[in-house]
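# Understanding the architecture of this molecule
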Amino acid sequence: MARKTFIAGNWKMNTTIEDAVALAKGVVEAVGSQDAVDVAICPPYVSLAAVKDVVKDSNVKLGAQDVHWEKMGAFTGKVCCGMLKSVGVTYVIIGHSEQRTYFHETDSTVNKKIQAALKAGLLPIVCIGETLDERKSGKMEAVVETQTRGAFEGISREDALKCTIAYEPVWAIGTGETATPEQANEAHVFVRKILADLYDEESAQSMRIQYGGSMKPGNAKELLSQSDVDGGLIGGAALKPELFEGIVNPK
Ligand code: PEP
């Protein structure tokens, strides 16, 4: 089954509203009229509304970097799914390794966030990936399996099909160190096996798995040409329209 390539930019805690509008304009100019690849940008919460205005008539979709699972109430500092919907968000990144490492994200909170997002009609980008120690000690498969099973616990097949998975080896995020195309593909094939076990082969074959970890114009083509790499979640290179464009249209 053909899976359409999906490139998403995660701007992390970068850009003021003014910077975000300028960057979004650059992205729309560079890739906003093509439709060979699905494209999303995920600015910080405070810039979502302004960036929505910039992308609204283009093929660039809006994403958020996280969400809380509760519907509303006394959760100071948090943002819920309804708020993201009301500002025009389509995708939401859930379980990013920075959330897992610095902000107590667990497989259980990832699962709650996915359930809440799906219920609200948001499309989750579910991040998984092993640390360097885990890879070195031969635990990549065990870690990725636990994270995948934990994320999708209790999620129906129909809902799982709305999710994208981002395999992001933690040792490759923001380090300049990239997984080799073979390492990335091997992990993606393994994740797809777990999805086939959780759901069925057809579902596993139709779900998109992005690679994330220092993807840039120079390595995107090779990574994206792997059989099971269906796109990228891009950090650093998403902050420059020309680099992001070089990943959407890799040469
Ligand atoms: C990310 O944060 O999801 C990421 C992949 O970052 P970078 O591209 O900078 O490694």
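First things first, this report covers the structure right here in the doc. (Residues numbered from 1 in each chain as written. Predicted model: local features only at pLDDT ≥ 70, side-chain atom pairs only at ≥ 80, totals over all residues. Heavy atoms only, no water.)

Spatially, eight strands are ordered β1-β2-β3-β4-β5-β6-β7-β8 in a closed barrel, and the strand pairing comes out parallel. Neighbour-to-neighbour, the strand axes of the sheet open up by a mean angle of 25 degrees, direction not taken into account. By the bridge criterion, two bridges tie strand β7 (residues 208–212) to strand β8 (residues 231–234) in an arrangement that is parallel. Within the sheet, the bridge partner assigned to G212 lies in β8 and is L233. Those strands touched by helix α7 (residues 140–151) are β5 (123–128) and β6 (164–167), and its axis lies near 155 degrees from that of β5. (Pairing = 2+ DSSP bridges. Helix = DSSP H or I, 4+ residues; strand = E, 2+ residues; numbered from the N terminus. Axes fitted to C-alpha atoms, helices over the stretch in contact; angles between N-to-C directions. Contact = heavy atoms within 4.5 Å.)

To continue, consider the site of the ligand. Taken together, 14 residues sit near the ligand, with K12, H96, E168, G174 and S214 positioned nearest. E168 places a polar side-chain atom, nitrogen or oxygen, 2.6 Å from an oxygen atom of the ligand. S214 places a main-chain nitrogen or oxygen 2.7 Å from an oxygen atom of the ligand. Here the ligand loses 95% of its free accessible area of 290 Å² to cover by the protein chains. By residue class, the composition of the shell around the ligand is four nonpolar, eight polar and two charged. (Near = heavy atom within 4 Å. Polar contact = N/O pair within 3.5 Å; in protein donor to acceptor, adjacent residues only side chain to side chain. Areas by Shrake-Rupley, 256 points an atom, 1.4 Å probe, with all protein chains shown as cover. Nonpolar A, V, L, I, M, F, W, Y, C, P; charged D, E, K, R; others polar.)

As for its placement among the helices and strands, A160 is situated in helix α8 (residues 157–160). When residues no more than four places from it in sequence are discounted, the contact partners of A160 are F152, I155, Y199 and M207.

This part covers the packing of helix α11 (residues 217–224) against helix α12 (residues 241–248). For any two helices packed against each other, one specifies the crossing angle of their axes together with the interaxial distance. Where α11 contacts α12, the two axes come as close as 8 Å, and the packing angle between them is 20 degrees. It follows from the interaxial angle that α11 and α12 lie roughly parallel. Seen along the crossing, α11 lies across α12 with a hand that is right-handed. Where α11 approaches α12, its residues P217, A220 and L224 are matched on the opposing element by L243, G246 and I247. Residues that form the contact of α11 with α12 fall into these classes: five nonpolar, one polar and no charged. (Parallel < 35°, antiparallel > 145°, perpendicular 65-115°, else oblique. Left-handed = near helix turned anticlockwise from the far one by under 90°.)

Attention now moves to helix α2 (residues 48–55). Of the residues making up α2, those classed as buried are L48, V51, V54 and V55. Across the axial projection of α2, the buried residues extend over an arc of 120 degrees, all falling on one side. Contacts from the buried residues of α2 go to α1 (17–31), β2 (38–42), β3 (60–64) and α3 (81–87). (Buried < 20%, exposed > 50% of the residue type's maximum accessible area, 1.4 Å probe, protein only. Arc of directions from axis to C-beta.)

Here we come to the pattern of salt bridges. Applying the stated rule across the entire model yields 15 salt bridges. Note that D107 is salt-bridged to R100, the shortest N-O span being 2.8 Å. A salt bridge links D159 to K162; the shortest N-O distance between them is 3.0 Å. Note on D159: relative accessible area 22%, which makes it partly exposed. Sharing partners across several salt bridges, the network here consists of R3, R192, D228 and D230. (Salt bridge = Lys/Arg side-chain N within 4 Å of Asp/Glu carboxyl O.)

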